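Here's the letter readout for the chains.
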Amino acid sequence: MKKKELQIKLQELEGFESPKAELEQYRTPPDLASSVLWNIYLNGEIEGKEVYDLGCGTGTLGIGAKLLGAEEVVCVDIDKEAIDIARKNADKAGVEVKFKKTDVRDVEGEGDLVIQNPPFGSQKRGSDRPFLEKSLEIAPVVYSFHMSETDEFVREYVRSCGGKVVSSEELNFPLSKTMPWHEKEEENIRVRFYRLERS
Ligand code: SAH
């Protein structure tokens, strides 16, 4: 799989049909997803590995990881409608992925890597916390998206979960108009992509 092929495959997947604001359902844009996944792949952290996608939504990150040769991918989301779309997307992409419809807090399991774009906590304060906590329980290495303005909080919270921020980069996250209060058709929000490890 080449980077361009991955990008095209992810572009073909469906997004949320009627995104739920309270669950902060925003899809990672396929171009951004393929570019971060590709870098993780080049680091040797996807091929042959067991990968979890927590808060998978319509499955973009998990399916992308499977396309790049992950041994096993487990996609978790609390929302049945999202999982239903993600299942169809996996079929469309021609990959086998495991799905769990559950609250992230109740996930049991261990893997090599978590890749997640969880809620940012902007609708419901603290909704990003169980993702940080659980991801570090599941795997020794975690890649996670968060809003730049919560950087200080993320760092502190990761420490309190027994983890550390190894690196992070700021990214432009193009957010299309999906919620009634979005004023512009598309807006760039400032998001940081973190690499976390257990301390
Ligand atoms: N990771 C996807 C979707 C991001 S939106 C992508 O990158 O495209 C965040 C997702 O987290 C939504 O699908 C939402 O349903 C899910 N979610 C929110 N709270 C959750 C919880 N407590 N447990 C599991 N999933 C949750």
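Anything mentioned here points back to the structure above.
Since we're looking at a predicted model, the values are computed, not measured. (Residues numbered from 1 in each chain as written. Predicted model: local features only at pLDDT ≥ 70, side-chain atom pairs only at ≥ 80, totals over all residues. Heavy atoms only, no water.)

Chemist: Is there a simple way to think about the site of the ligand in this case?
Modeler: Close to the ligand lie 21 residues; Gln25, Thr28, Gly55, Asp77 and Val104 are nearest. Within the backbone of Ile78, an N or O atom sits 3.3 Å from a nitrogen atom of the ligand. One of the backbone N or O atoms of Val104 is found 2.9 Å from a nitrogen atom in the ligand. Considering the ligand on its own, with 570 Å² of exposed area, one finds that the protein chains cover 96% of that surface. Grouping the constituent residues of the shell around the ligand by class yields 9 nonpolar, 6 polar and 6 charged. (Near = heavy atom within 4 Å. Polar contact = N/O pair within 3.5 Å; in protein donor to acceptor, adjacent residues only side chain to side chain. Areas by Shrake-Rupley, 256 points an atom, 1.4 Å probe, with all protein chains shown as cover. Nonpolar A, V, L, I, M, F, W, Y, C, P; charged D, E, K, R; others polar.)

Chemist: Would you mind going over the packing of aromatic side chains with me for this structure?
Modeler: What describes a pair of aromatic rings is the distance from one ring centre to the other and the angle between the planes of the rings. For the structure shown, the criterion picks out 6 aromatic pairs. Seen from their ring centres, Trp38 and Tyr41 are 4.9 Å apart, and the 40° between their planes marks the pair as tilted. One end of the pair, Trp38, and the other, Tyr41, are both in helix α2 (residues 30–42), 3 residues apart, so they sit about a helical turn from each other. On the basis of relative accessible area, Tyr41 is assigned to the partly exposed category, the value being 23%. Ring centres of Phe153 and Tyr157 lie 5.5 Å apart, and the angle between their planes is 25°; on these two criteria the pair is classed as stacked. Of this pair, Phe153 and Tyr157 both sit in helix α6 (residues 151–160), 4 residues apart, which is roughly one turn of the helix. (Phe/Tyr/Trp six-rings, centres within 6.5 Å; stacked < 30°, edge-to-face > 60°. Helix = DSSP H or I, 4+ residues; strand = E, 2+ residues; numbered from the N terminus. Buried < 20%, exposed > 50% of the residue type's maximum accessible area, 1.4 Å probe, protein only.)

Chemist: I keep staring at the pattern of salt bridges and nothing clicks. Help me out?
Modeler: Within this structure, the stated rule accounts for 12 salt bridges. Residue Lys92 pairs with Glu14 through a salt bridge whose shortest N-O separation is 3.5 Å. Taken together, the positions of Lys92 in helix α4 (residues 80–93) and Glu14 in the loop between α1 (3–11) and α2 put the pair 78 residues apart, joining distant regions of the chain. Residue Glu14 is classed as partly exposed on the basis of its relative accessible area of 45%. Between Glu45 and Arg195 there is a salt bridge, and its shortest N-O distance comes to 2.7 Å. Of this pair, Glu45 sits in the loop between α2 and β1 (50–54) while Arg195 sits in strand β7 (residues 186–198), and the two are 150 residues apart along the sequence. Each member of the pair, Glu45 together with Arg195, is buried. In this structure, a network of salt bridges that share partners links the residues Lys20, Asp79 and Glu81. (Salt bridge = Lys/Arg side-chain N within 4 Å of Asp/Glu carboxyl O.)

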